[in-house]
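Secondary and tertiary structure notes
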Amino acid sequence: KGGEGTGATPDADGVPDWARSPAPGGASRLADLRPSSMAGDAPAIRSPIGADQGRGFQRGRIVHSLLQFLPDVAISDRLAACRHYLSQKNFNLDPATREALADEVLAVLQAGEFAPLFGSNSRAEVPIVGEINGRVISGQVDRLLVTKTSVFVIDYKTQRTPPATPSATPEIYLRQMAAYVALLEKIYPERRVAAALLWTDGPNLVPLKEELLRPYAP
């Protein structure tokens, strides 16, 4: 019976009618949402040109890189790896600055409360994607730790001045992290999800409590 009544009858070119018709609706309702590029007012980026000769801009990028790769280095080798990285000629850092940066980064990685977040079981630059309330959320988190009972997600903020308190965190970042938390809660429904921002100007690791993020959930 071929395509009788189905709209599948080939035309003169031998192409069925359905092949020339738009795809049925459904997936189009899923508006893509990328938390890292949400609309909103973000704090001013530290300019690479200014009174500090671009040092603040450079510093943020250096610290971000160290926090990305150092957790994968054995604890006993981190100081040497950090010093080696900071000694690159193109950074043009004086010895005192190199030591100060090394001390600050290692202090974050080794702090008792947060050390597990950067341990061997955590992962850097992890892509996540899923649907929340009819919207596709996709992003790449800077650091993710999944345990049997909990999930911890960390996003790094570089080239910006950190807020004085967690509640003073810019709304755009609260919305970003709330979206990550909502997605991870769906991916890991039996686990508690916790989020934090790591401001590289410091550096300072700031936990974002559930009650702070809840109003910004997607």
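Residues numbered from 1 in each chain as written. Predicted model: local features only at pLDDT ≥ 70, side-chain atom pairs only at ≥ 80, totals over all residues. Heavy atoms only, no water.

Here Gln176 shows up in helix 4 (residues 171–187). Along the chain, Gln176 and Leu213 lie 37 residues apart, while their C-alpha atoms are 9.4 Å from each other. Side-chain polar atoms of Gln176 contact the side chain of Asp155, separated by 3.4 Å. (Helix = DSSP H or I, 4+ residues; strand = E, 2+ residues; numbered from the N terminus. Polar contact = N/O pair within 3.5 Å; in protein donor to acceptor, adjacent residues only side chain to side chain.)

Turning our attention to the side chain of Lys157. Considering the arrangement of structural elements, one finds Lys157 in strand 4 (residues 150–157). A polar side-chain atom of Lys157 sits 2.9 Å from a polar atom in the side chain of Asp155. The contacts of Lys157, once residues within four sequence positions are left out, are Tyr173, Gln176, Leu197, Leu198, Trp199 and Thr200. (Contact = heavy atoms within 4.5 Å.)

Phi angles above zero are rare outside glycine, and Asn92 is one such case at about 55°. Following the sequence through the fold, Asn92 ends up in the loop between helix 2 (78–86) and helix 3 (95–110). Relative accessible area serves as the criterion here: at 55%, Asn92 is assigned to the exposed category. You will see that Asn133, though not glycine, has its phi angle at about 50°, which is positive. If you trace the backbone, Asn133 turns up in the loop between strand 2 (123–132) and strand 3 (135–146). When its relative accessible area of 66% is taken as the criterion, Asn133 is described as exposed. (Buried < 20%, exposed > 50% of the residue type's maximum accessible area, 1.4 Å probe, protein only.)

Okay, the layout of surface pockets next. Within this model, the largest pocket holds a volume of roughly 510 Å³. The wall of the largest pocket is formed by 22 residues, among which Val193, Ala194, Ala195, Leu208 and Glu210 lie closest to the centre. It is strand 5 (residues 192–199) that contributes the most residues to the lining of the largest pocket, five residues altogether. In the lining of the largest pocket, the residues fall into 16 nonpolar, no polar and six charged. (1 Å grid on protein atoms, 1.4 Å probe; cavity = no way out; pocket = protein on both sides within 12 Å on 5 of 7 lines; lining within 4 Å. Points joined across faces, edges and corners; volume = space filled by probe spheres on them. Nonpolar A, V, L, I, M, F, W, Y, C, P; charged D, E, K, R; others polar.)

Another aspect to go through is the confidence of the model for the protein. Mean pLDDT over the protein stands at 79; residues scoring 70 or higher make up 73%. Counting interchain partners and residues more than four positions distant, the pLDDT-below-50 stretch residues 1–9 has 10 contacts. (pLDDT = per-residue confidence, 0-100.)

Within the largest apolar cluster, 26 residues are counted, with the highest numbers of intra-cluster contacts made by Met177 and Leu213. Secondary-structure elements contributing two or more residues to this core are strand 2, strand 3, strand 4, helix 4, strand 5, strand 6 (204–208) and helix 5 (210–213). With 10 residues, the top contributor of residues to this core is helix 4. Ignoring sequence-local partners within four residues, the contact set of Met177 consists of Val153, Asp155, Ala195, Ala196, Leu197, Leu208 and Leu213. Grouped together as the second largest cluster of nonpolar side chains are 25 residues, Leu67, Leu70, Val105 and Phe118 included. (Core = buried A, V, L, I, M, F, W, Y, C linked by side-chain atoms within 4.5 Å.)

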